[in-house]
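Single-letter residue listing:
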Amino acid sequence: MSGSKPLFVICVGTGWSATTPLYYTLRDSKVCDAFIKESNLLCPNLDFSEKYAVTGEEIYLNPTIDGYIELLKRKKKDNFMGVCDFTTSYAAFTGDNIRHFAEKLQQSFDVKILMIFRDPVARLFSHISHLIQVHQADVRPNAFMKEILFYLRKFPDKQEYPSQHANFRRRNYEPFLFANYETIYKTWSSFFDTHCMSMEKLWSDDNELQRLNTFLGANITSLHKNVYYPDLGPNAPKVTGLADQYTSDTEFILPEVYDMAKRMMSRHYLFYENLL
């Protein structure tokens, strides 16, 4: 930590890349904990009624940066290095979004940004499989994967934080559906110390865990179970606390669909493969 400031880890995703097992790893190792894994409190213009109903935290009735900082300070546990927030939609923040709170957070905390990335096609397949279930759409994931890839050209490289008006049925998708890893990194690293990881490498290479320890100033000795590694698709084990993982994929991605998607998403692999 820097001086007397507590650690504040913000993991900005990406979603469907094992952020939940990573959160459990940091919590179980007493690095940091959160009053709720995804607070969303840094998000602009959101309806927080559901979060208030779940947590009962009054910050959701009048969300401010100062109020969030005070809440984090109160929630820090004595035997932990700090606190954390694993809201994956933060990945879509623009520089203007981050500038709104960066200075105040840095005054109170040693802020560290974590980014965990997964094979882009596998991540997208899990994401759309989840959307199909949430919206009860009458389409199979492989068929929808082929359809949705053609929306790639409609998404600009420029970051744009989504409103709450993304409409699945009208094919009005969230801008971070096709997460541009390099853009996410460049945006956040302009403000804070930032560490990128490949999900696959973190769970297969001890050196990657050591890199994480060095960045956090921690001593994590083991990783929590991760249902996405190795990738067992619909046969993933039902691990307690990881329903978001083992319920996402309802079928295996077909080899021909994977190959087509990887060709169409080739620019998404340029940054990711540098992490391997």
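Everything below is about the structure printed above this text.
The paragraphs below set out a description of the structure included in this document. Because the structure is a prediction, the values reported are computed rather than measured.

With parallel pairing, five strands are arranged side by side in an open sheet as E2-E3-E1-E4-E5. Bordering the open sheet on either side are strand E2 (32-33) and strand E5 (193-198), each of which pairs with just one other strand. The pairing of strand E4 (residues 110-117) with E5 spans six bridges and is classified as parallel. Pairing of Lys112 across the sheet is with Asp193, part of E5.

Counting 56 residues, the largest nonpolar core has Ile10, Leu42, Phe101 and Trp188 as the members making the most contacts within it. With residues near it in sequence (within four places) discarded, Trp188 still touches Val12, Tyr90, Ala91, Phe93, Ile98, Phe101, Ile113, Met115 and Thr194. The next biggest cluster of nonpolar side chains, apart from the first, holds 31 residues, and it includes Cys11, Met81, Val227 and Val239.

Viewed as axis vectors pointing N to C, helix H7 (residues 141-148) and helix H12 (residues 255-264) meet at an angle of 20°, and their least axial separation amounts to 10 Å. Overall, the two elements H7 and H12 adopt an arrangement that is roughly parallel. Classified by chirality, the crossing of H12 by H7 is left-handed. Along the contact surface, H7 presents Asn142, Met145 and Lys146, while H12 presents Val257, Met260 and Ala261. Looking at the contact of H7 with H12 residue by residue, the classes come out as four nonpolar, one polar and one charged.

Turning our eyes to something else, we now look at the side chain of Asp119. Within the secondary structure, Asp119 sits in the loop between E4 and helix H6 (120-134). No salt bridge is formed by the buried Asp119; its nearest oppositely charged neighbour, Lys262, is found at 5.5 Å. One polar contact links the side chain of Asp119 to the main-chain amide nitrogen of Val121, over a distance of 3.0 Å. Engagement of the side chain of Asp119 in a polar contact is seen with the side chain of Tyr258, the distance being 2.7 Å. In this structure Asp119 touches Tyr181, Glu200, Tyr258, Tyr269 and Tyr272, once residues within four positions along its chain are discounted.

Turning our attention to empty space enclosed by the protein. In the structure shown here, the tally under the stated rule is two cavities of 30 Å³ or more. Within this model, the second largest cavity holds a volume of roughly 40 Å³. Forming the walls of the second largest cavity are Val227, Tyr228, Asp231, Leu232, Gly233, Ala236, Gln245, Tyr246 and Asp249. Looking at the lining of the second largest cavity, its residues break down into five nonpolar, two polar and two charged.

Next up on the list: unusual backbone geometry. A cis geometry characterises the amide bond from Gly13 onward to Thr14, with omega recorded as 15°. Inspection of the secondary structure puts Thr14 in the loop between strand E1 (7-11) and helix H1 (19-28). With an omega of -5°, the peptide bond running from Tyr229 to Pro230 counts as cis. Relative to the helices and strands, Pro230 resides in the loop between helix H10 (206-216) and helix H11 (243-246). A positive phi angle, close to 75°, is found at Ala18, a residue other than glycine.

Conventions we followed
- Residues numbered from 1 in each chain as written.
- Predicted model: local features only at pLDDT ≥ 70, side-chain atom pairs only at ≥ 80, totals over all residues.
- Heavy atoms only, no water.
- Pairing = 2+ DSSP bridges.
- Helix = DSSP H or I, 4+ residues; strand = E, 2+ residues; numbered from the N terminus.
- Core = buried A, V, L, I, M, F, W, Y, C linked by side-chain atoms within 4.5 Å.
- Buried < 20%, exposed > 50% of the residue type's maximum accessible area, 1.4 Å probe, protein only.
- Contact = heavy atoms within 4.5 Å.
- Axes fitted to C-alpha atoms, helices over the stretch in contact; angles between N-to-C directions.
- Parallel < 35°, antiparallel > 145°, perpendicular 65-115°, else oblique.
- Left-handed = near helix turned anticlockwise from the far one by under 90°.
- Nonpolar A, V, L, I, M, F, W, Y, C, P; charged D, E, K, R; others polar.
- Lys, Arg positive; Asp, Glu negative; His and termini not counted.
- Salt bridge = Lys/Arg side-chain N within 4 Å of Asp/Glu carboxyl O.
- Polar contact = N/O pair within 3.5 Å; in protein donor to acceptor, adjacent residues only side chain to side chain.
- 1 Å grid on protein atoms, 1.4 Å probe; cavity = no way out; pocket = protein on both sides within 12 Å on 5 of 7 lines; lining within 4 Å.
- Points joined across faces, edges and corners; volume = space filled by probe spheres on them.

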